[in-house]
Amino acid sequence: MSQHLTAGQKAWLTAELEQRERQLRAQLDAHLHGQSRVDRAREVLQQDADDAPQRRPELAVAAALTDREQLELNAVSQALERLRAGRYGQCRTCGVDIPFDRLKVQPWASQCVPCAA
Ligand SMILES: [Zn+2]
């Protein structure tokens, strides 16, 4: 288990990650529901074929946002799992302790700066 973080730092990082997880879940929900509304609108508009192409960029943006949020949510969930398992804060590539300054900015980071670059 990594010892380079104090109990206070870990508590702070855990709170940050949990808050981010809630935020991302809410955003994903909103986009998924928003996207199904767009889908329904497109089905209606397909009977009126002229309008359908204008709907596509909107769908692509919603899908891209959803993908990005899903990836971040995965990273956040994995970081919380590492915290619970006592494996948090070490680079998954080279094994060095990831400095608190980096984790403060990106609590879900699983690599040190040189390995992430
Ligand atoms: Zn590394």
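Just so we're clear, the structure is a prediction, and the values are computed from it rather than from any experiment. (Residues numbered from 1 in each chain as written. Predicted model: local features only at pLDDT ≥ 70, side-chain atom pairs only at ≥ 80, totals over all residues. Heavy atoms only, no water.)

Engineer: I'd like to hear about the environment of L24, residue by residue, with values.
Structural biologist: Tracing the sequence through the fold places L24 in helix α1 (residues 7–46). Note: C-alpha distance between L24 and Q70 (46 residues apart in sequence) is 7.9 Å. Setting aside anything within four residues of it in sequence, one finds L24 in contact with E69, E72, L73 and V76. (Helix = DSSP H or I, 4+ residues; strand = E, 2+ residues; numbered from the N terminus. Contact = heavy atoms within 4.5 Å.)

Engineer: Give me the side chain of Q111: which residues, what numbers.
Structural biologist: As for its placement among the helices and strands, Q111 is situated in the loop between α3 (100–105) and α4 (113–116). Reaching out from Q111, the side chain makes a polar contact with the side chain of T93 at a distance of 2.7 Å. Ignoring anything within four residues of it in the chain, the contact list for Q111 reads C91, R92, T93, I98, R102 and A116. (Polar contact = N/O pair within 3.5 Å; in protein donor to acceptor, adjacent residues only side chain to side chain.)

Engineer: So what about the nonpolar core? Which residues, and what values?
Structural biologist: Within the largest apolar cluster, 18 residues are counted, with the highest numbers of intra-cluster contacts made by L5, L13, L17, V76, Y88 and L103. Broken down by secondary-structure element, the contributors of at least two residues to this core are α1, α2 (52–85) and α3. Looking at this core, the element that brings in the most residues is α2, giving five residues. Once residues within four sequence positions are removed from consideration, L103 is found in contact with L5, L13, Y88, G89, I98 and A109. (Core = buried A, V, L, I, M, F, W, Y, C linked by side-chain atoms within 4.5 Å. Buried < 20%, exposed > 50% of the residue type's maximum accessible area, 1.4 Å probe, protein only.)

Engineer: Can you tell me about the coordination of the zinc ion, naming the residues and giving the values?
Structural biologist: Distances from the zinc ion to its protein donors, C91 (SG), C94 (SG), C112 (SG) and C115 (SG), fall at 2.3 to 2.4 Å. Because the angles between the four donor atoms bound to the zinc ion fall within 102 to 116°, the donor set is best described as tetrahedral. Each donor residue of the zinc ion belongs to the same chain, and together they define the spacing C-x2-C-x17-C-x2-C. With C94 in the loop between α2 and α3 and C112 in the loop between α3 and α4, this residue pair connects regions lying 18 residues apart in the sequence. Residue classification places C94 among the partly exposed residues on the basis of a relative accessible area of 43%. (Donors = N, O, S within 2.8 Å, 3.2 Å for Na, K, Ca; no water. Tetrahedral: all angles 85-135°; square planar, octahedral: opposite > 155°, others 65-115°.)

Engineer: Talk me through the pattern of salt bridges; I want residue IDs and the actual numbers.
Structural biologist: By the definition in use, this model includes three salt bridges. A salt bridge links R20 to E72, with the shortest nitrogen-to-oxygen separation between them at 2.7 Å. Residue R20 is found in helix α1, and its partner E72 is found in helix α2; the two are separated by 52 residues along the sequence. The residue R25 makes a salt bridge to E21 at a minimum N-O spacing of 3.4 Å. Taken together, the positions of R25 and E21, both in helix α1 and four residues apart, correspond to about one turn of that helix. (Salt bridge = Lys/Arg side-chain N within 4 Å of Asp/Glu carboxyl O.)

Take it as geometry only, folks, not as evidence of what the structure does.
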